[in-house]
Structures are given as C-alpha cells and as structure tokens.
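# Analysis of the macromolecular model
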Amino acid sequence: MAFVRVPASGQYGVNKDLSQPSLPDNAWTDASNIRFLDGFAAQSFGYGEIYASPTIVPYHVRPVMVGSARYWIVCGSGKIHIVNGGTYTDKTRASGGDYSGSYNTWTSTELSGIPIVNDGSGLNYPQYWDLSASKFANLSNWPAFTYCKTVRSFKNYLVALNITKSTTNYPYMVKWSNGADAGAVPTSWDQTDPTKDAGEADVGASYGEIIDGLAMRDDSFIIYTTGSMVRMTFVGGTYVFNFNQITGSSGLLARNCVSQLPMGLHFVVTGNDVVIHDGQTVTSVLDKSTRRYFFSNLDTDNYSRTFTFINPYLNEACIAYASVGNSIPNRLLVYNYIDKTISFRDIPNLNHASHGLLEAALASTWTADSDPWGSDTTTWNQPDFTPDSARVVWASNDQKLYLMDSSASANGSMISSYLERRGLTFGVPESMKLVKGIRPRIYGSNGDTVTISVGYSNDPYADPVYTSVSHTIGSTVADDVLVNGRYIAVKFATGTAYQWRMDSFDIDVEDAGVW
C-alpha cells in the first residue's frame, strides 16, 4: 500500500450515523470543538466577555440601532435592560411590574426599527420601546385581556401566535394587526372593524398547537406548529392573508428553533429532523449524517430549551441544545450551509444567542487579551472583530454576555478539541494493515504541539487500541508508530496548541495479509 493520501480534512465533516468502514477516508466519525471550513479541519475559535457582567441573568438578547448607536436588548426573567458602551440601563416598563419570562419563552422582533419583545408567559402584553429615554411599555393598541406566546413582524404587520383571551387559550389561533405606518406600531388589532385589515384565523387543530413563526423573505410568513408548517401569504382584500400547509409530517421542536439563512431559507429543528426549506421544498441536513446521533443525545427533559441562531461571519447555522444529563444548553451542533458540513462544540450554558452589529469601542487591546502571545488569533493592539460585520453574542446562564469566535481560548481557558476517524480499511476490509507512521500537515504556532494517536481493532465496532505521539508544529515531519490491525483509527487532539488546523495527512501502511 505504501503511503495512503488522505486529502481535504474538512471536506465531509462528522458522520456519526453511517457505518464507519463505508465512509470516505477523509470523513470523521467524531470531533469536538472543530470547525470544518473551506476544506480544512481547524480548532474552533473561542469566546470572551463582550460587556461587563449584566446585573440580571440574560435569557434573551437582540441588537437594536438607536440613530447611529448600537445597543443590545437583554431580557431576564423579570427585567429588560439595554447595554451600550459597557453601561446597562434598566428599561423595564414603568407600570405593571416585572415580567414573567422563563428559559426560551422570550421572543423578539422589529417593525420599522422599533423593537418588540414578548415574554411568552400568557400573563403580560407584548412590549415595545420607542428608542427614546422612555422605558419599554405595553404595545400600543394591543387588545385588552389578550395574550400571545409569540409575536413577530411580517411586511408592515405584526403577527401574534397562540392566543389567550381572558383565561381561554386558543392554541391554533393566528392574529394579525392593521398595517402599520413607517416608524410606528399598528393602530389596531380589531378584527371586527371593517375599516381595518386586522384579523385572526385558526390554522386547524389537526396541525397541532402553534409553537412559533418567522417571516420568509418578504413574500411569506411560516407558522410552525407541533406537527406541521403552514405558509401565510398576503392576498389583500377581504381575507388579507391566505393559509396553506407546507408539510404535515413534522413541526417545530421548541420556540426559537427556526432561523432565517442569509439566502432567505429557513433553518428549522423539527421534532425528528433538522431541515432547510424555501416555503415549498423541505430538505434534511442531518439525514445519513448525524440525525440519529443528535436526537439520541438531546436531553428529553430539557429539549424545550433548544434554540437556533445564525453565525453569518462564518456561514454557520447553529443549534444550541442540552445534551443528555444537562439542563442548560451546553453543546452546539454547527451546520456550515456553504460547505454542507456538520461539527459540534462546547458552549458555556447558553440561554439564547443572536447576531448583530457591535460597537467599535468594544474592541479590546493587548492589555485586556487573555490569550497566550504566541497563540493569539488577533492582531496586536487591534480589535477582535470588524465592527461592521454581524457577530454573534451569547447570553449565558452564568450571567455573562460572550462574543462568539473572538479569541483562541474559552474566556481565557484552553479549548480541548479533537478529530477522530475509526474503521479505516483503505478499500480492503479483509486485510490486516501494518501502520508505520503518519505525516500530517498541521498549521499553527511553531513549537506548539498536537497529540496524534494511531489505533487498531479487529472488530469495526470495537474501541481501538491507541498508540500516541506528540507532533511539534513547524518541526515534526513524520510521526512514527507501529500499529497492526484490520481496522485502523487515527485521532488528532489538542496538546499545547491554542489554535491548530489540520489540512491533510498521509499514512504509511503495508498490507500484512488477510489473517
């Protein structure tokens, strides 16, 4: 066999569902804190605090522009704060007391630049902020004794979902406002007023209870129920909106489990799959890859805390979820919607995340940078980000706001990452193989190390027996090992390198006979 070339380490990403020996040589059977991008497999960037610690536990975050100033709205269980320039300001409504938000119950939207949030408790009206010195307030012209689980914007309308009137819940009801003037909130929600185009309708009990909804481009609003997706389109006239079912085979897993990709498609976590759709065609992104693994690794007692967000900076659609045994989202499934790869990474107990523009003044200098000098990903005395690029802010249950991909470390701590491939047969599963060495092409800081392990097993589903060596970036060319077995495994793991990237590798292997 001599040298077997394994190119483009990031081409396929992780596949945990299919048979290991049947996968291409450059597909990975496991990985953690690795990003697959542009054909490479690189350790994920870390994160750091973007503001001082908030005075409330952040449950929900949303960016908002006030003139040319960039703010972030921070919703807690009972309070709403805004932050700009490192200063938090309490914007909780002046009358009506605290809110009743909980984990993953808050939703938010924006209408003509006006932020609107809803705690989803069924006890409080939707709230809006007029971008002045005033506080958040009950949404103007909202009907009395009426509540909703979710409120979103579509065109110049607001759409409220899963309605409660007085004490009676209407879980299949959609309610929409009168069309709003530019820079204003709607003047009416009265569906009985013939001079207004406000209205309400039921999507049908057979579709299941409404969970959430989101506009798709400017032509559709998609309503997500427990068992279906329903498209709401503007038709004008007497009916204003028309409703038709996209699919009745699956709905939304939980609130905030749908995000819009930059190309206008929806990225959705359903009750049994993760899909992308355009309002008509639904395509699985996990099937025959990590679908079974993801849902079996989801903590069933805390699935309702799952949420999605988009990281446009690196073409990623992300699912934050609590893995088995955890109550708060501690893991991230990352789907690169350009390269079509899947990866997983650790996250610091997140309640929510959102992308938006950041203040240039937040850029940190070298005196505040906790990463080691030789492994730092940022330029000396320069910002950790480009201010006019949308970046992701994480709301952590640890009462922190973090900026995703802003450093080489996890808020100052080294990130533990690894790539693993089991079940390599090199096209001859019946043959024994003698592996004499491996020649990786690893990029990173010269002198840092990556631990390389080569293993074997005679059963494709048995744990391999590994032999490990330390690879020094910039000096090691070949890593010698002596491993003999039918199924070969390789693993690359963090040694002393804060950041490293695997481009490709070669394996020095000989055929050692059938038996």
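Reading the values: rules and limits
Numbers given to residues run from 1 along each chain, matching the order in which its sequence is written. Owing to the predicted nature of the model, reporting of local features is limited to residues with pLDDT of at least 70; listing and counting of side-chain atom pairs is limited to 80 or more, with chain, interface and lining totals taken over all residues. Each side-chain value is derived from all of the structure's non-hydrogen atoms; neither hydrogens nor water enter the calculation. Helix and strand assignments come from DSSP, with helices taken as H or I runs of at least 4 residues and strands as E runs of at least 2, each series counted from the N terminus. Within these notes, the globule rule equals 2.2 Å times the number of residues to the 0.38 power, and the radius of gyration is based on C-alpha atoms. Under the scheme applied here, a residue whose accessible area is under 20% of the maximum for its type counts as buried, over 50% as exposed, and between as partly exposed, the area being computed with a 1.4 Å probe on protein chains only. Throughout, a residue-residue contact means that at least one pair of heavy atoms, one from each residue, lies within 4.5 Å. Counted as positive: Lys and Arg. Counted as negative: Asp and Glu. His and the chain ends are not counted at all. In plain terms, the charge of a residue is placed at NZ if it is Lys, CZ if Arg, CG if Asp and CD if Glu. For two strands to pair, DSSP has to find at least two bridges joining them. Think of a salt bridge as a Lys or Arg side-chain nitrogen and an Asp or Glu carboxyl oxygen that are within 4 Å of each other. For this analysis, a ring pair means two rings from Phe, Tyr or Trp (six-membered ring only for Trp) whose centres lie within 6.5 Å, classed as stacked if their planes differ by under 30 degrees, edge-to-face if by over 60, and tilted for the remaining angles. Remark: nonpolar core denotes a set of buried residues (Ala, Val, Leu, Ile, Met, Phe, Trp, Tyr, Cys) joined through side-chain atoms within 4.5 Å.

## A word on the overall build of the protein
In terms of helices and strands, the protein carries one helix and 39 strands. Whereas a compact globule of 515 residues would reach a radius of gyration of roughly 24 Å, the protein reaches 25 Å, a difference of no more than 12%. Sorting the 515 residues of the protein into buried and exposed places 55% on the buried side. Considering only contacts within the protein whose residues lie at least 6 apart along the sequence, 61% involve residues at least 24 apart. Where the 36 positive side-chain charges of the protein centre and where its 48 negative ones centre are 2 Å apart.

## Observations regarding the sheet that holds strand E10 (residues 107-111)
Strand order in this open sheet of four strands is E10-E11-E12-E13, and the pairing throughout is antiparallel. Each edge of the open sheet is held by one strand with a lone partner, namely E10 and strand E13 (137-138). Bridging between strand E11 (residues 114-118) and strand E12 (residues 127-128) involves two bridges; their strand directions are antiparallel. Considered in E12, the bridge of Ile 116 is made with Tyr 128.

## Thoughts on the pattern of salt bridges
Evaluated as defined, the whole model comprises 21 salt bridges. The closest approach of N and O atoms between Asp 212 and Arg 152, which form a salt bridge, is 2.9 Å. Here Arg 152 lies in strand E14 (residues 146-154) and Asp 212 lies in strand E18 (residues 210-216), a separation of 60 residues in the sequence. We classify Asp 212 as buried; its relative accessible area is 0%.

## Considerations on the packing of aromatic side chains
This structure, assessed with the given rule, holds 24 aromatic pairs. Seen in terms of ring centroids, Phe 234 and Phe 241 are 5.7 Å apart; in terms of plane orientation they differ by 75°. Their pairing is edge-to-face. Both rings, one in Phe 294 and one in Tyr 321, keep their centres 5.0 Å apart while their planes meet at 80°; by these two values the pair is edge-to-face. Separated by 27 residues along the polypeptide, Phe 294 in helix H1 (residues 291-296) and Tyr 321 in strand E27 (residues 316-321) bring together distant segments of the chain. Of the two residues examined, Phe 294 and Tyr 321, each falls in the buried class. An aromatic cluster of three or more residues is present, and its members are Phe 154, Tyr 157, Trp 176, Phe 221, Phe 234, Phe 241 and Phe 243.

## Considering the nonpolar core
Counting 61 residues, the largest nonpolar core has Leu 419, Phe 492 and Trp 500 as the members making the most contacts within it. No other element matches the five residues that strand E39 (residues 500-511) contributes to this core. Counting residues in each nonpolar core, the second largest holds 17 residues, with Leu 111, Val 151, Leu 158 and Trp 189 among its members.

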